[in-house]
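For reference, the chains in residue letters:
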Amino acid sequence: MVSIKGGHKRLITGGIATATAGLALGAFALSGTANGATESAEAAGAGKHAKPTVILEHGAFADGSSWNGVIADLRADGYPVVASANPLRGPASDAAALRTVLDHVKGPKIVVGHSYGGNVISEAATDDPEVKALVYVAAFLPAPGESALELTNKYPGSTLPGTLDPVTYQQADGTTATDLYIQQDKFHHQFAADVPSGQAALMAAEQRPIAQAALEEKATTAAWKTIPSWDIVTTEDLNIPTAVQRFMAKRAHTHTTEVAASHSVAVSHPHLVADVIERAARATVR
């Protein structure tokens, strides 16, 4: 296990111990273009050296822009990147949306999930031979039958419930549903305490809500059981308690890096996150 106490210095690659830790428009946002990612994979098939495509799945209360710093590093190092737009409606339907992206981008892929995005990649990547590694970033690694809400409450420490702003609305079929936001004046402390206040304010205004039902929906598969996995555990996380993250990482036998960071570690420590992703790529794609 690697433990990081802060800072934005790129990690030096080293041995990591296994430790406690149909294509629709709008389905994804690209770092470049869809064709760019696909062409890179085709180049590999033609005998040219190419790196795997990195697929990034954001979580609740965020959007694809939360990966901007990570994308910049990955692209600088020659990795094609796709930042998928997570609908945040439920693991099964969100995984189906992500699979349209995985199916469209040919060749080897490293799939990365933040927070609730971990639920989604765990289902979407199951039985996909082109997914060579999974990277969980302050994320859920549910086993079949578990929900994000159940895992969050497994150990004390989450202060998220007291910051939520629920919005109930009527659906087309006449039933009601509830979306969850984080109250904007509480977003910085709760979600992104180590992000500059001005940037956190923008994130609060841009946050996308998650369906309350999505946090209660149980997982049906767990891709981490068969695909090599890496995990970044955040020790100053107020959304998913560190003890919960460590429990999931240990159970999944992930290659684990711990960092003193908030839940928004991809924003506050993009270099670290990019380095772990690249380590996973180097270890699994030859």
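Further up the page is the structure itself.
The paragraphs below set out a description of the structure included in this document. (Residues numbered from 1 in each chain as written. Predicted model: local features only at pLDDT ≥ 70, side-chain atom pairs only at ≥ 80, totals over all residues. Heavy atoms only, no water.)

Moving on, we get to helix H6 (residues 184–191). The set of residues buried in H6 consists of Phe-187, Gln-190 and Phe-191. Down the axis, H6 shows its buried residues gathered within 90 degrees of arc, on one side only. Of the exposed residues in H6, the ones pointing more than 90 degrees away from its buried face are Asp-185 and His-189. On the buried face of H6, the contacting elements are strand E5 (109–114), strand E8 (176–182) and helix H7 (197–206). (Buried < 20%, exposed > 50% of the residue type's maximum accessible area, 1.4 Å probe, protein only. Helix = DSSP H or I, 4+ residues; strand = E, 2+ residues; numbered from the N terminus. Arc of directions from axis to C-beta. Contact = heavy atoms within 4.5 Å.)

Our focus in this paragraph is helix H9 (residues 242–252). Taken as a whole, H9 has its buried residues at Thr-242, Val-244, Gln-245, Met-248, Ala-249 and Ala-252. The buried side chains of H9 occupy one side of the element, clustering within an arc of 160 degrees when seen end-on. Structurally, H9 contributes buried residues whose contacts are with helix H5 (148–152), strand E10 (229–234) and strand E11 (255–259). Where H9 ends, the next residue or the one after it, His-253, has phi of about 55 degrees, a positive value.

Moving on to the packing of aromatic side chains. In the structure shown here, the tally under the stated rule is three aromatic pairs. Consider the rings of Phe-187 and Phe-191, whose centres lie 4.9 Å apart with planes at 40 degrees: the pair is tilted. A residue pair is termed a helical-turn pair when its members lie 3 or 4 positions apart in one helix, as Phe-187 and Phe-191 do in helix H6 at four residues. Taking the relative accessible area as the measure of exposure, Phe-187 reaches 0% and is therefore buried. (Phe/Tyr/Trp six-rings, centres within 6.5 Å; stacked < 30°, edge-to-face > 60°.)

Turning next to the environment of Ile-210. As for its position among the elements, Ile-210 is in strand E9 (residues 210–211). In this structure Ile-210 comes out as buried when scored by relative accessible area, which is 0%. As a C-alpha pair, Ile-210 and Tyr-181 span 29 residues in sequence and 7.1 Å in three-dimensional space. If we skip the residues at most four places from it in the chain, Ile-210 touches Ala-60, Phe-61, Leu-88, Arg-89, Tyr-116, Thr-178, Asp-179, Leu-180 and Leu-215.

Looking now at the pairing of E11. The element E11 is extensively covered by neighbouring structure, given that four of its five residues are classed as buried. Sheet analysis places E10 next to E11, joined by five bridges and oriented parallel. From the neighbouring strand, Val-233 faces E11, where its bridge partner is Glu-258. Remark: the E10/H9/E11 crossover connection has right-handed handedness. (Pairing = 2+ DSSP bridges. Right-handed = clockwise from strand over helix to strand, strands pointing away.)

What follows covers the packing of helix H3 (residues 91–104) against helix H4 (residues 117–124). Running from N to C, H3 and H4 point in directions that differ by 65 degrees, and their axes come no closer than 8 Å. Note that H3 runs across H4; the crossing there is right-handed. In this structure, H3 contributes Pro-91, Ala-92, Asp-94, Ala-95, Leu-98, Arg-99 and Leu-102 to the contact, and H4 contributes Asn-119, Val-120, Ile-121, Glu-123 and Ala-124. When its residues are assigned to classes, the contact of H3 with H4 shows eight nonpolar, one polar and three charged. (Axes fitted to C-alpha atoms, helices over the stretch in contact; angles between N-to-C directions. Left-handed = near helix turned anticlockwise from the far one by under 90°. Nonpolar A, V, L, I, M, F, W, Y, C, P; charged D, E, K, R; others polar.)

A few words on the side chain of Asn-86. With respect to the secondary-structure elements, Asn-86 resides in the loop between strand E4 (81–84) and H3. Taking relative accessible area as the criterion, Asn-86 reaches 0% and is therefore assigned buried. A distance of 3.1 Å separates a polar side-chain atom of Asn-86 from the backbone nitrogen of Leu-88. Look past the residues within four positions of Asn-86 in its chain and what remains in contact with it is Glu-57, His-58, Asp-94, Tyr-116, Gly-117, Val-120 and Arg-208. (Polar contact = N/O pair within 3.5 Å; in protein donor to acceptor, adjacent residues only side chain to side chain.)

Glancing now at the environment of Arg-208. Among the structural elements, Arg-208 can be located in the loop between H7 and E9. Through-space distance from the C-alpha of Arg-208 to that of Gly-59 is 9.1 Å; in sequence the pair is 149 residues apart. Residues within four places of Arg-208 in sequence aside, it is in contact with His-58, Ala-60, Phe-61, Ala-62, Asp-63, Asn-86, Pro-87 and Leu-88. Here the side chain of Arg-208 touches His-58 through a polar contact of 3.3 Å, side chain to side chain.

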